[in-house]
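# Coordinates in review
Below are the chains, spelled out letter by letter.
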Number of protein chains: 4
Amino acid sequence: MPETTGVRQQQARRTRAAVLAAAAAVFVDQGVQAPVRDIAERAGVGVGTVYRHFPTRADLVTAVYRHQIDTCAALAPRLLEESASPYSALTCWVDAFVEFLVTKHGLGAALGAGDPGLENLHALMLDTLVPACASLLEACVAADEVGPDLTAYTLMRAIGNLCITGPDYDRSDARNMVATLLVGCRRAAA
Amino acid sequence: MPETTGVRQQQARRTRAAVLAAAAAVFVDQGVQAPVRDIAERAGVGVGTVYRHFPTRADLVTAVYRHQIDTCAALAPRLLEESASPYSALTCWVDAFVEFLVTKHGLGAALGAGDPGLENLHALMLDTLVPACASLLEACVAADEVGPDLTAYTLMRAIGNLCITGPDYDRSDARNMVATLLVGCRRAAA
Amino acid sequence: MPETTGVRQQQARRTRAAVLAAAAAVFVDQGVQAPVRDIAERAGVGVGTVYRHFPTRADLVTAVYRHQIDTCAALAPRLLEESASPYSALTCWVDAFVEFLVTKHGLGAALGAGDPGLENLHALMLDTLVPACASLLEACVAADEVGPDLTAYTLMRAIGNLCITGPDYDRSDARNMVATLLVGCRRAAA
Amino acid sequence: MPETTGVRQQQARRTRAAVLAAAAAVFVDQGVQAPVRDIAERAGVGVGTVYRHFPTRADLVTAVYRHQIDTCAALAPRLLEESASPYSALTCWVDAFVEFLVTKHGLGAALGAGDPGLENLHALMLDTLVPACASLLEACVAADEVGPDLTAYTLMRAIGNLCITGPDYDRSDARNMVATLLVGCRRAAA
DNA sequence: TATGAATGAGAGTTCATTCAT
DNA sequence: GATGAATGAACTCTCATTCAT
């Protein structure tokens, strides 16, 4: 007699949520390479529990960022409708993507470095964000605001890389450089 | 009266060169964080030998890249003289900088991540490449080809980040994105 | 609601005890500077387990000797009550202290040499044994059995040093020399 | 045609002397366990040279202290003649022995710990100092100033141990404790 | 399910010792 | 004889991962 959500399941879900929250916090502090133990401690659970819910580090990283990724992706069609031009929509969307990235200490670096074990997250971004970005990019191309030779994936990788911040290159620098990159993408008005 | 370059010194120099070559190769394969042991093995020497020649990892990384860095820096004044415009000189120089970077697996990532223990290399680049880049940038600003709000350091960091390559974002992508960034920097002709 | 002493805790405690026993044994054989790996092997555990229970070598050394130190310290007040004279109490207590020391191969030497990383143990002895010794010494001074110019700490260091045994200077020699030292401390009866 | 002392031999002797002097200095600073390289550097020679002259560390330690040991031993008969009583001669001689020891950072500890590889020095002291001390002790026993149950070797080991100094137990403490020990050895006047 | 004790591979680093020149 | 570059064993410590309870 499987209850839809037994007490056990509820507890498990709560534990899972606690781990996710802890991981998110620790990732901000120490980056996505933080020791598993630190995450477990922050969540108030044993390391085994972390592994039960997220067998690989990538699973954890992916889960932590999935919600934000989905939100970011969902933004694209809305912006396309509401904005004055496709390019303006792209600009707004990229701003949101950058906001997502610059608060993720080390994520960009890990992705950029092709960190093995982050393929899942990579795949998630491919599946979710790339299409979102591509829809905007295609609209720009259709409107002749951006040249046709740029793939959404490459653009996102470039943006992701530009968002790798450090002591002497902060979020504001990252935002400026991404904005500059977009300006460079813009087709010179005929 | 020790000869200026005895057989021993020559041998030591050869060993040093072997370690450097091995380090360069290992850095390409595994990145600048590769275990010292791997470098020693590749060079066919004991770990102690690596430590003798390069007490810290930063010493090794710095030595591996110093020559190329110097060459790159020396390029700037020549380009400024020979090129049709400052912006064109900047473009050429950045191409050379990108060539340097894209062949250095993991270097950009390590620098971008603010890797402790790479301060030496960071400092070397600051001391050597930033002035070179700055001279070109200033000329561009003076010629009103580039806006005045961009520092050479920030530009180089951005370029460095864009050169972090991976399986799906290769050197060619990096080159394109850097070129696009430079286009974005270019002041719209009045 | 975790039981006060679950099976796991019991097992951990047993492991801890095994490590302590192994450490004690290895210390006797090789001295307190013995490699951590040797202790782990002797205990039949991994090195990580040793580090889990005793993060620093000093923690281990201290734990190994804490019980005996406490017992020794607790002896002082009782002896003071039961003995015919303070000096006699001091003699008995020093006998106990010597017994503690002569069975600790290398401990005296390590303490004597001011081994860094043994500050904890040093502090423990200072906090625990020195007051115990001082109480006896003060009683002796009050009874005019010992001169006032000797501190408990110095006396204990001297005793500790005299208990550094070796092939040709055994426990019995150490006991004799300590006894002789105490005789030398005794004030000549008026 | 072997010259008595060719240029080569002279040079070798000078080198040997330089190593000895350097070793003595380094031993004072860092103790007898100091790295061989430090000694070689201080002497301005290569490590190989140190090994050539002193194949084992014990050889070096022994050589460093041989002269002082001989001087100390030679003191005994003179003191016996000049002093008012055998016990007084013993006291003076022990003072000299203590002076020798307290300036030898770590020597006492190394000897006390039965450091393997210091057997040579141990043997040297046995052969040289023990007889010297024994002659004084025997005279004391003959004069009924000291009991017959103490061997010179044991006394010297005890004194050696008492001279292991540290941050909180300095040379002055060592001297006091040795003096106290000697008082304890003195036979109560009949 | 949750736990966290236990494991052990792996990385950094030091330094005694050898040996070709 | 002198040199010092080279070697590699030995040691410390960290942390991902497993598994018995």
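Residues numbered from 1 in each chain as written. Chains lettered and ligands numbered in written order. Predicted model: local features only at pLDDT ≥ 70, side-chain atom pairs only at ≥ 80, totals over all residues. Heavy atoms only, no water.

## Observations regarding the overall build of chain A
Threshold: Starting at the N terminus, helices and strands are each numbered in turn, a helix being any DSSP run of H or I of at least four residues and a strand any DSSP run of E of at least two. Contacts are assigned to residue pairs that have any heavy atoms within 4.5 Å of one another. Using a 1.4 Å probe, the Shrake-Rupley method yields the accessible areas, and only the shown protein chains count as cover for residues. As used throughout, the charge tally considers Lys and Arg to be positive and Asp and Glu to be negative, leaving His and the chain termini uncounted. The location of each charge is read from NZ of Lys, CZ of Arg, CG of Asp or CD of Glu.
Scanning chain A from N- to C-terminus turns up nine helices and zero strands. In sequence order, the secondary structure elements of chain A are arranged as α-α-α-α-α-α-α-α-α. Seen through its C-alpha atoms, chain A measures out along the principal axes to roughly 65 × 45 × 25 Å. Counted over contacts in chain A with a minimum sequence separation of 6, partners at least 24 positions apart contribute 66%. Surface summary for chain A: the accessible area is close to 9,300 Å², and the carbon and sulfur share equals 54%. Side chains of chain A give 16 positive and 20 negative charges; the mean places of these two sets differ by 9 Å.

## Things to note about the protein's contact with DNA strand F
The line we're drawing: Distances are taken per atom, and a residue is near a molecule or strand as soon as one of its heavy atoms is within 4 Å of it. In protein, a polar contact means a hydrogen-donor-capable atom and an acceptor-capable atom, both N or O and within 3.5 Å, with residues adjacent in sequence counting only if both atoms are side-chain atoms; elsewhere, any N or O pair within 3.5 Å suffices. Residue type decides the class: Asp, Glu, Lys and Arg count as charged, Ala, Val, Leu, Ile, Met, Phe, Trp, Tyr, Cys and Pro as nonpolar, and the leftover types, Gly among them, as polar.
Taken together, 37 residues surround DNA strand F, and among them B:Thr15, B:Arg52, B:His53, C:Arg57 and D:Thr49 come closest. At the protein interface, 55% of the atoms of DNA strand F within 4 Å belong to sugar or phosphate. Within the side chain of B:Arg37, one N or O atom sits 3.1 Å away from a base nitrogen of DNA strand F. Between DNA strand F and D:Val47 there is a distance of 3.5 Å, counted from a base nitrogen to a backbone nitrogen or oxygen. Of the residues contributing to the surface near DNA strand F, the split by class is 15 nonpolar, twelve polar and ten charged.

## Brief notes about the UniProt feature "DNA-binding region" (unreviewed entry) in chain A
Which entries qualify depends on this criterion: UniProt positions are given in the numbering used here, feature names are shortened, and annotations may be inferred rather than shown by experiment.
The UniProt record marks residues 35–54 of chain A with the feature "DNA-binding region" (unreviewed entry), using the residue numbering of this structure. Taken end to end, residues 35–54 of chain A has its terminal C-alpha atoms 14 Å apart, with 75% of it in helix and 0% in strand.

## Regarding the UniProt feature "domain: HTH tetR-type" (unreviewed entry) in chain A
On the UniProt side, "domain: HTH tetR-type" (unreviewed entry) is annotated at positions that read residues 13–72 of chain A here. Counting secondary structure, residues 13–72 of chain A comes out at 82% helix and 0% strand; the distance between its end C-alpha atoms is 24 Å.

## Re the pattern of salt bridges
When their charged atoms lie close together, side chains carrying opposite charge are able to pair. Residues and elements named next belong to chain D. To keep it simple, the criterion reads: In the sections that follow, a salt bridge refers to a side-chain nitrogen of Lys or Arg positioned within 4 Å of a carboxyl oxygen of Asp or Glu. Burial classes: relative accessible area under 20% of the type maximum marks a residue as buried, over 50% as exposed, and values in between as partly exposed (1.4 Å probe, protein chains only).
Summed over all chains, the structure comprises 20 salt bridges over all chains. For aspartate 144, the salt bridge identified is with arginine 187, shortest N-O distance 2.9 Å. Pair noted here: aspartate 144 is in the loop between α7 (119–142) and α8 (152–162) and arginine 187 is in the segment after α9 (171–185), with a separation of 43 residues, a long-range link. Judged by its relative accessible area of 43%, aspartate 144 falls in the partly exposed class. For arginine 187, a relative accessible area of 39% puts it in the partly exposed group.

## Thoughts on the domain arrangement of chain A
Residue and element names in this part refer to chain A. To be explicit about the condition: Segment limits for the domains were obtained from an automatic or database-derived domain assignment. The term buried area refers to how much accessible surface (probe radius 1.4 Å) is lost by two components on association, counted for both of them together.
Annotation of chain A at the domain level lists domain 1 (1–55) and domain 2 (58–185). One C-alpha centre belongs to domain 1, the other to domain 2, and the line joining them spans 27 Å. Listed by partner, the interface residues are 16 residues for domain 1 and twelve residues for domain 2. Overall, the association of domain 1 and domain 2 removes approximately 990 Å² of surface from exposure, summing both partners, and the carbon and sulfur fraction of that is 73%. Of all residues in domain 1, Phe27, Val32 and Phe54 bury the most surface against domain 2, accounting for 46% of the area lost on that side.

## Some thoughts on the interface of chain B and chain A
On the chain A side, the residues contacting the 23 residues of chain B number 22 residues. Taking both partners together, chain B and chain A bury about 2,000 Å²; carbon and sulfur atoms supply 72% of that area. The tally of links from chain B across to chain A stands at zero salt bridges. On the surface where chain B and chain A come into contact, there are three residue pairs in polar contact (both at pLDDT 80 or more). Those elements that provide at least two residues to the side of chain B that touches chain A are α6 (107–112), α8 (152–162) and α9 (171–185) of chain B. Top element by residues in the side of chain B that touches chain A is α9(B). It accounts for seven residues.

## Section: the environment of B:Lys104
All names here are of chain B. Along the chain, lysine 104 falls in the loop between α5 (86–102) and α6. For lysine 104 and glycine 31, which are 73 residues apart along the polypeptide, the C-alpha to C-alpha distance reads 7.8 Å. Setting aside residues up to four positions removed in sequence, lysine 104 forms contacts with Tyr65 and Gln68.

## Here we look at the relation of the copies chain B and chain A
The following threshold applies: C-alpha atoms of residues with pLDDT of at least 70 in both copies form the basis for the least-squares superposition of the copies.
Rotating chain B by 176° about the axis while translating it 0.1 Å along that axis superimposes it on chain A, leaving an RMSD of 0.7 Å. In symmetry terms, the pair is related by a two-fold rotation axis. Minimal C-alpha separation from the rotation axis in chain B is found for B:Gly184, amounting to 1.5 Å. When the interface residues of chain B are mapped onto chain A, 96% of them again lie at the interface, so the same face is used by both copies.

## Looking at the packing of aromatic side chains
Geometry of an aromatic ring pair is reported as the spacing of the ring centres plus the angle between the planes. Residue and element names in this part refer to chain C. Definition in use: Centre distance within 6.5 Å is the pairing criterion for rings of Phe, Tyr and Trp, where only the six-membered ring of Trp is used; planes under 30 degrees apart are then read as stacked, over 60 as edge-to-face, and the remainder as tilted.
Overall, the coordinates contain twelve aromatic pairs over all chains when judged by the stated rule. Geometrically, the ring pair formed by phenylalanine 27 and tyrosine 65 is tilted, given 6.4 Å between the ring centres and 40° between the ring planes. Here the residue phenylalanine 27 occupies a position in helix α1 (residues 7–30), and tyrosine 65 occupies one in helix α4 (residues 57–82), the gap between them amounting to 38 residues. On the numbers, 5.5 Å between centres and 15° between planes, the contact of tryptophan 93 with phenylalanine 97 is stacked. Residue tryptophan 93 and its partner phenylalanine 97 are both found in helix α5 (residues 86–102); the two are separated by four residues, about one turn of the helix. Like tryptophan 93, the residue phenylalanine 97 is buried in the burial classification.

## Considering the environment of D:Val45
Residue and element names in this part refer to chain D. In this structure, valine 45 sits in the loop between α2 (36–43) and α3 (47–53). In this structure, the C-alpha to C-alpha distance between valine 45 and valine 19, residues 26 residues apart in sequence, is 7.8 Å. Setting aside residues up to four positions removed in sequence, valine 45 forms contacts with Thr15, Val19, Ala40 and Val50.

## Details of the arrangement of the chains
Taking C-alpha atoms as the reference, chain B and chain C come no closer than 21 Å and do not contact one another. With respect to C-alpha atoms, chain A approaches chain D no nearer than 37 Å, and the pair has no contact.

## Concerning the packing of α5(B) against α8(B)
Residue and element names in this part refer to chain B. To keep things clear, this is the line we draw: Axis definition: a line fit to C-alpha positions, over the contact stretch in the case of helices; interaxial angles, taken between N-to-C directions, run 0 to 180 degrees. With respect to orientation, any angle under 35 degrees is reported as roughly parallel, any angle over 145 as roughly antiparallel, any angle of 65 to 115 as roughly perpendicular, and every other angle as oblique. Handedness of a crossing is defined here by the sense of rotation of the near helix relative to the far one, left-handed for an anticlockwise turn of less than a right angle and right-handed for a clockwise turn.
Packing of α5 against α8 brings their axes to within 10 Å, and their N-to-C directions diverge by 45°. Classified by the interaxial angle, the pair formed by α5 and α8 is oblique. The hand of the α5/α8 crossing is right-handed. On α8, the residues that touch Trp93, Val94, Phe97, Val98 and Leu101 of α5 are Met156, Ile159 and Gly160. Looking at the contact of α5 with α8 residue by residue, the classes come out as seven nonpolar, one polar and no charged.

## What about the confidence of the model for chain A?
Our working definition: The predictor reports its confidence for every residue as pLDDT, a score running from 0 up to 100.
Mean pLDDT over chain A stands at 88; residues scoring 70 or higher make up 91%. Taking the mean pLDDT of every element in chain A, the minimum, 69, falls on helix α6 (residues 107–112) of chain A and the maximum, 96, on helix α3 (residues 47–53) of chain A.

## Looking at the protein's contact with DNA strand E
Around DNA strand E, a shell composed of 37 residues is seen, among which A:Thr49, B:Arg57, C:Thr15, C:Arg52 and C:His53 lie nearest. Atoms of DNA strand E within 4 Å of the protein: sugar and phosphate make up 56%, bases the balance. In this structure, a base nitrogen belonging to DNA strand E sits 3.3 Å away from a side-chain N or O atom of A:Arg37. Separating a phosphate oxygen of DNA strand E from a side-chain N or O atom of B:Tyr51 is a distance of 3.1 Å. Its residues assigned to classes, the surface near DNA strand E comprises 15 nonpolar, twelve polar and ten charged.

## Remarks on the side chain of B:Asp173
Tracing the backbone through its elements, the reader meets B:Asp173 in helix α9. As a buried residue without a salt bridge, B:Asp173 has its nearest oppositely charged side chain in A:Arg157, at a separation of 8.1 Å. The residues touching B:Asp173, leaving out its near neighbours within four places in the chain, are A:Thr154 and B:Asp168.

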